[in-house]
Amino acid sequence: MNQPNPIRPDGPPAEFPGGRALFRLDPAVSHLNHGSFGAVPVPVQEAQAALREEAHADPDAFFIGAPDRIAAARARVARHLGADPDGIAFIANATEGANLALDAVPFADGDEILVTDHGYGTVVPAAARRAPITTVSLDPDLPDEDAVRETVLAGLTPRTRAVVLDHISSPTARLIASPRLLAELAARGITTLVDGAHAPGMLADPLAGAADFWFGNLHKWGYAPSGSAVLAVAPEHRGRVRALVPSWEDAHGFPRSVENRATADYTGWLAAPEGLDLLDRLDAAKVRAHNAALAAHGAALLAEIPGLSPLPHTEGLAMRALRLPPGTAETQPQASALRERIAADLGIRVLIWGWPGGGGIRICGQVYNRPEEYERLAAALPAYL
């Protein structure tokens, strides 16, 4: 499942047929950072634009009918995710999902929340607002899923009430919340909250681990408009999930109570199923395999640069990460500055993440990318290290 190092394929992956034409990305920029913000395909943009025209033409009809239309769109998304349509709710992003989930956990005095040092920068502080946190350090060089699992379990204390884990870690691009780890935590009576920001569209079965709470973005790998995500809640917890702001749909309970935002722009949620439908039309398995092969190709090229060290990875993901030389991007401000220098000078978008002793670089593969974009990055990057 896990490979210790990326291996250069026999040749670079072929360009995905029609992939670039599906997006309106600036052709002067190499967008190798799909995992941060995603990109919306043209057919989904057009579907959302048509919904906005409808809302402007008759606001009364649009907003009065919105709750039922959102429920229908939610049911379509649920089919793609293998979820219970009554067990998920549309939300704006994974961070909102984390806050809704944490508010639904009945913490008592003395309870603690376990997090990892790979946790997202807005999710970990959300946990710290609810209860004291214990942070488990996951060495980026941990060799495989078993090592990750054992490290997390070793960090548990008698006071651990809940654990917040990345499904796929954002900086290091590897699986953390594996089904086996989630099962072992559940067996200990610990509530599991999984940040699945990168899972929809990237994983064929994103809800396979059966976490108590799972929240994931649709606007990254699921081709949905920005601001589209879902919160999935196990049946025993749904009655405690309350909207962050009360609405006219509160009496219905989860999920409708969470989704109603008065006169918010619902068009992204209503168009979200179009993105997942498009992924299926392109052949989701083919897209995943292509994107993973592109990321592997790019990582193999970068691994040839002196000082760069490929990190252990989970096979089949469309993101790869490598450690930068010692002294490079050791803090997040340094990492952000390097990221912006590369973008300004080269017109290449990548993620640079800060880490003591030397940060890292993460690249992504998507149907609009071409092998030569990674080759250009590999040729230019040494000058910035």
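Our structure's up above, just so we're on the same page.
Just so it is clear, the structure is predicted and the values come from calculations on it, not from any experiment. For every chain, the first residue of the written sequence is number 1, and numbering continues from 1 onward in sequence order. pLDDT decides what is reported in this predicted model: residues at 70 or higher carry local features, side-chain atom pairs at 80 or more are listed and counted, and totals for whole chains, interfaces and linings draw on all residues regardless. Computation of side-chain values covers all heavy atoms of the structure but excludes hydrogens and water.

As a further point, take the packing of aromatic side chains. Here a pair means two rings of Phe, Tyr or Trp (six-membered ring of Trp) with centres within 6.5 Å. Their orientation is stacked below 30 degrees between planes, edge-to-face above 60, and tilted elsewhere. All chains considered together, the criterion is met by 7 aromatic pairs. Here phenylalanine 62 and phenylalanine 63 contribute two aromatic rings whose centre-to-centre distance is 5.3 Å and whose plane-to-plane angle is 85 degrees, an arrangement assigned as edge-to-face. Judged by relative accessible area, which is 3%, phenylalanine 62 ranks as buried. Each residue's exposure class comes from its accessible area (1.4 Å probe, protein chains only) as a fraction of the maximum for that residue type: buried when under 20%, exposed when over 50%, partly exposed otherwise. Overall, phenylalanine 63 belongs to the partly exposed group, its relative accessible area being 28%.

The next subject is the environment of histidine 34. Runs of E in the DSSP output that reach at least two residues are strands. Runs of H or I that reach at least four are helices, and both are numbered from the N terminus. Residue position: histidine 34 is located in helix 1 (residues 34-37). Through-space distance from the C-alpha of histidine 34 to that of glutamine 332 is 20 Å; in sequence the pair is 298 residues apart. Every residue pair with non-hydrogen atoms within 4.5 Å of one another is taken to be in contact. In contact with histidine 34, not counting residues within four places along its chain, are Ala39, Lys220, Trp221, Cys364, Gln366 and Tyr368. Reaching out from histidine 34, the side chain makes a polar contact with the backbone oxygen of lysine 220 at a distance of 2.6 Å. Each polar contact in these results corresponds to two N or O atoms within 3.5 Å; when the atoms are within protein, one needs to be able to donate a hydrogen and the other to accept it, and residues that are neighboring in sequence are counted only if both atoms are side-chain atoms.

Our focus in this paragraph is the sheet that holds strand 5 (residues 133-136). Two strands qualify as a pair provided that DSSP identifies no fewer than 2 bridges between them. Overall, mixed pairing links the 7 strands, which are arranged 3-9-8-7-6-4-5 in an open sheet. Sheet topology places strand 3 (88-91) and strand 5 at the edges, where each strand pairs with a single neighbour. Direction aside, neighbouring strands of the sheet carry axes that sit 20 degrees apart on average. With 3 bridges connecting them, strand 7 (residues 191-195) and strand 8 (residues 213-217) associate as parallel partners. By the bridge assignment for strand 8, valine 194 is matched with tryptophan 214. Fitted lines through C-alpha atoms serve as axes, helices being fitted only where they are in contact, and the angles separating the N-to-C directions of these axes extend from 0 to 180 degrees. Where helix 4 (residues 94-103) meets the sheet, its contacts fall on strand 3, strand 4 (112-116), strand 6 (160-166), strand 7, strand 8 and strand 9 (229-233), and the angle it forms with strand 8 comes to roughly 165 degrees. Against the sheet, helix 7 (residues 179-187) makes contact with strand 6 and strand 7, and its axis sits at roughly 170 degrees relative to strand 6, the strand it touches most.

A word on the sheet that holds strand 12 (residues 319-323). The strand order across the open sheet built from 4 strands is 10-12-15-14, with neighbouring strands paired in antiparallel fashion. The open sheet has two edge strands, strand 10 (309-310) and strand 14 (351-353), and neither has a second partner. In terms of strand pairing, strand 10 meets strand 12 through 2 bridges, oriented antiparallel. Considered in strand 12, the bridge of proline 310 is made with leucine 322. Across the sheet, helix 10 (residues 284-303) lies against strand 10, strand 12 and strand 15 (360-364), angled at about 15 degrees from strand 12, the strand it touches most.

Turning next to the nonpolar core. Val77, Phe90, Leu165, Leu185, Met202, Leu218 and Val230 are the most contacted members of the largest nonpolar core, which has 53 residues in total. Secondary structure elements with two or more residues in this core: helix 2 (42-57), helix 3 (59-81), strand 3, helix 6 (145-154), strand 6, helix 7, strand 9 and helix 9 (267-281). Considering every element that reaches this core, the biggest residue donor is helix 3, with 7 residues. Setting aside its immediate chain neighbours within four residues, valine 230 contacts Val77, Leu81, Ile88, Ala89, Phe90, Ile91, Trp214, Phe215, Gly216 and Leu218. To define a nonpolar core, start from buried Ala, Val, Leu, Ile, Met, Phe, Trp, Tyr and Cys residues and group those joined through side-chain atoms within 4.5 Å. Grouped together as the second largest cluster of nonpolar side chains are 27 residues, Val115, Val123, Ala162 and Phe254 included.

Moving on: the pattern of salt bridges. By salt bridge we mean one thing: a side-chain nitrogen of Lys or Arg within 4 Å of a carboxyl oxygen of Asp or Glu. Applying the stated criterion across every chain yields a total of 22 salt bridges. A salt bridge links arginine 76 to glutamate 274, with the shortest nitrogen-to-oxygen separation between them at 3.4 Å. With arginine 76 in helix 3 and glutamate 274 in helix 9, the pair connects residues that are 198 residues apart, well separated along the chain. Taking relative accessible area as the criterion, glutamate 274 reaches 28% and is therefore assigned partly exposed. Residues aspartate 146 and arginine 180 are paired through a salt bridge, measuring 3.4 Å at the closest nitrogen-oxygen approach. Of this pair, aspartate 146 sits in helix 6 while arginine 180 sits in helix 7, and the two are 34 residues apart along the sequence. In this structure arginine 180 comes out as partly exposed when scored by relative accessible area, which is 48%. The structure contains a network of salt bridges with shared partners spanning Asp146, Arg149, Glu150, Arg180, Glu184 and Arg188.

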